[in-house]
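# Descriptive structure summary
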Amino acid sequence: LVDRRIVRNTPSIVLARPSVEGSKRTTALLPELFGREDGDLKKWILVHGTPDVGELTVHSFPRYEALSLPMLILFLDLSERSEQGLGTTNGMDNVVLVESMRQVARDFRQRIAFVYCDGVAHSDRMRALGLVDGAHRLPALAFNTKDERALPYDLATPITEDSIRGFVARFLGLRVADARQVSKSKPTPSRASQPLPVKERTGVAERFTGLEGIALTVTLANFTQVALTEGKDVLLVLHATGNAESAYFAPYFRRIAKRFTELQLPSLVVAHMDVADQPPPAGIEVPSLPQILCIPAFHKSSPFPTFSGAAKV
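Residues numbered from 1 in each chain as written. Predicted model: local features only at pLDDT ≥ 70, side-chain atom pairs only at ≥ 80, totals over all residues. Heavy atoms only, no water.

### Details of the overall build of the chain
When its secondary structure is counted, the chain shows eight helices and 14 strands. Looking at the chain as a whole, 43% of its 313 residues qualify as buried. Residue pairs at least 24 apart in sequence account for 63% of intrachain contacts in the chain once pairs closer than 6 positions are excluded. For the chain, the computed accessible surface area is about 17,200 Å², with 53% contributed by carbon and sulfur atoms. (Helix = DSSP H or I, 4+ residues; strand = E, 2+ residues; numbered from the N terminus. Buried < 20%, exposed > 50% of the residue type's maximum accessible area, 1.4 Å probe, protein only. Contact = heavy atoms within 4.5 Å. Areas by Shrake-Rupley, 256 points an atom, 1.4 Å probe, with all protein chains shown as cover.)

Dropping the structure here:
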């Protein structure tokens, strides 16, 4: 196996799985696997032994349930399915729709389970997930989560690889270049009321709350006024409720904001923006969170300088 470059070192574990996606081999070096906090061999086999996109049925549901991952469901009309293919949904090729989802699944499969199912047979489940029009508006997308939040896809937006990727990015509290292509969906309950992805501990993992008087809250409505007014340097942190890295950074931001307030620098504005339920302003791309932007007083056009690397407060 080493000579054929299937594994790069030993001891390793190799998972080979034939599927409609072609023969797949996934390898892991055992010391690396068990050296990680998430080094669970059973979970590794479950995740990597599951198709990138599989059909959700009564038989496959226990497998997906065992993953303990949020599930993104693509509801299709499978009434025309045959040995030649999956048929069409309102004139759209189901194979093309599934393949669009597969391209996204390859990047996020360890964080989300991607499945498709018969929307005609499961129209009641669609309504439970916020797709109130049921089978009449297929194809459709929705997240199925343990806390039973209704997170439906905006049915006015065509389902493509780009729009699926944007939908997933918004759900995860991330920002990718094509996420802006997603149309605004109906308002959902504020994520501020949702539990953090990590245990909330003062000074370790917190929310970006209680910052009145030391940091401004930026939204799309006031971004231009706060950040793009000449004469003020702006330190802007983009974060997302529901993003673990943002939660860990929040205590440091609180200390930064408090320290700059104590210094009484009239030319500096410290601000933060939650991009969990709204996209960042035009011209700002955020490949990861949190993102620290430095917007100079007399240079108010993107791209703006960003901070990266280790820092001390």
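There is more to say after this.
### Focus: the sheet that holds strand 9 (residues 151-152)
Strand pairing in a sheet is mediated by backbone hydrogen bonds. Such pairs are either parallel or antiparallel. Across the sheet, five strands lie side by side as 3-7-4-8-9; this open sheet has mixed pairing. Bordering the open sheet on either side are strand 3 (54-55) and strand 9, each of which pairs with just one other strand. As paired strands, strand 3 and strand 7 (residues 113-118) are joined by two bridges and run parallel to one another. Bridge pairing links E55 to Y116 in strand 7. On top of the sheet, helix 4 (residues 94-108) reaches strand 4 (71-76), strand 7 and strand 8 (140-144); it is set at about 170 degrees to strand 4, its chief contact. (Pairing = 2+ DSSP bridges. Axes fitted to C-alpha atoms, helices over the stretch in contact; angles between N-to-C directions.)

### Structural notes on the side chain of T145
Secondary-structure assignment places T145 in the loop between strand 8 and strand 9. Taking the relative accessible area as the measure of exposure, T145 reaches 10% and is therefore buried. T145 has contacts with P70, L151 and F171, leaving out every residue within four places of it along the chain.

### Focus: the pairing of strand 4
Of all the six residues making up strand 4, six are buried; the element is thus mostly covered by neighbouring parts of the structure. Residues M71, I73 and F75 of strand 4 are buried on one face, and the alternating residues L72, L74 and L76, pointing to the opposite face, are buried as well. The pairing of strand 4 with strand 7 spans six bridges and is parallel. Across the sheet, L72 pairs through a bridge with F114, a residue of strand 7. As judged from the five bridges shared by strand 4 and strand 8, these two strands associate in the antiparallel manner. Within the sheet, the bridge partner assigned to I73 lies in strand 8 and is A142.

### Let's talk about the sheet that holds strand 10 (residues 216-217)
Across the sheet, which stays open at both edges, the five strands sit in the order 10-12-11-13-14 with mixed pairing between neighbours. Among the strands making up the open sheet, the edge pair consists of strand 10 and strand 14 (306-307). Pairing of strand 10 with strand 12 (residues 268-274), which is carried by two bridges, proceeds in the parallel orientation. Looking at the pairing, L216 lines up with A271 of strand 12. Lying over the sheet, helix 8 (residues 244-263) contacts strand 11 (233-239), strand 12 and strand 13 (291-295), oriented at roughly 160 degrees with respect to strand 12.

### Structural notes on the packing of helix 4 against helix 6 (residues 161-172)
Where helix 4 contacts helix 6, the two axes come as close as 8 Å, and the packing angle between them is 35 degrees. Crossing of helix 4 against helix 6: the hand is right-handed. Where helix 4 approaches helix 6, its residues S100, M101, Q103, V104, D107 and F108 are matched on the opposing element by E161, I164, R165, V168 and L172. Here the residues of the contact of helix 4 with helix 6 sort into six nonpolar, two polar and three charged. (Left-handed = near helix turned anticlockwise from the far one by under 90°. Nonpolar A, V, L, I, M, F, W, Y, C, P; charged D, E, K, R; others polar.)

### Digging into helix 8
In this model, helix 8 (20 residues) spans 30 Å end to end at C-alpha, consistent with the 28 Å of a helix rising 1.5 Å per residue. At A250, helix 8 shows its maximal bend, which comes to roughly 35 degrees, and the proline P251 appears one to four places after that position. Listed in full, the buried residues belonging to helix 8 are A244, S246, A247, F249, A250, P251, F253 and A257. Just beyond helix 8, the residue with positive phi is Q264, at close to 55 degrees. (Expected span 1.5 Å × (residues − 1). Bend = angle between axes of the 7 residues up to and from the residue.)

### Looking at the confidence of the model for the chain
Mean pLDDT over the chain: 77, with 73% of residues reaching 70 or higher. Every residue in residues 1-7 scores below 50 in pLDDT, and together they form 12 contacts with partners more than four places removed in sequence or on other chains. Note that residues 175-195 has pLDDT below 50 and, in this model, 48 contacts with residues that lie over four places away or in other chains. (pLDDT = per-residue confidence, 0-100.)

### Overview of the packing of aromatic side chains
Following the criterion strictly, the structure yields four aromatic pairs and no others. Between the aromatic rings of F208 and F253, the centroid separation amounts to 5.5 Å while the plane-to-plane angle is 40 degrees, which identifies the pairing as tilted. Taken together, the positions of F208 in the loop between helix 6 and strand 10 and F253 in helix 8 put the pair 45 residues apart, joining distant regions of the chain. For the pair shown, F208 and F253 are each scored as buried. (Phe/Tyr/Trp six-rings, centres within 6.5 Å; stacked < 30°, edge-to-face > 60°.)

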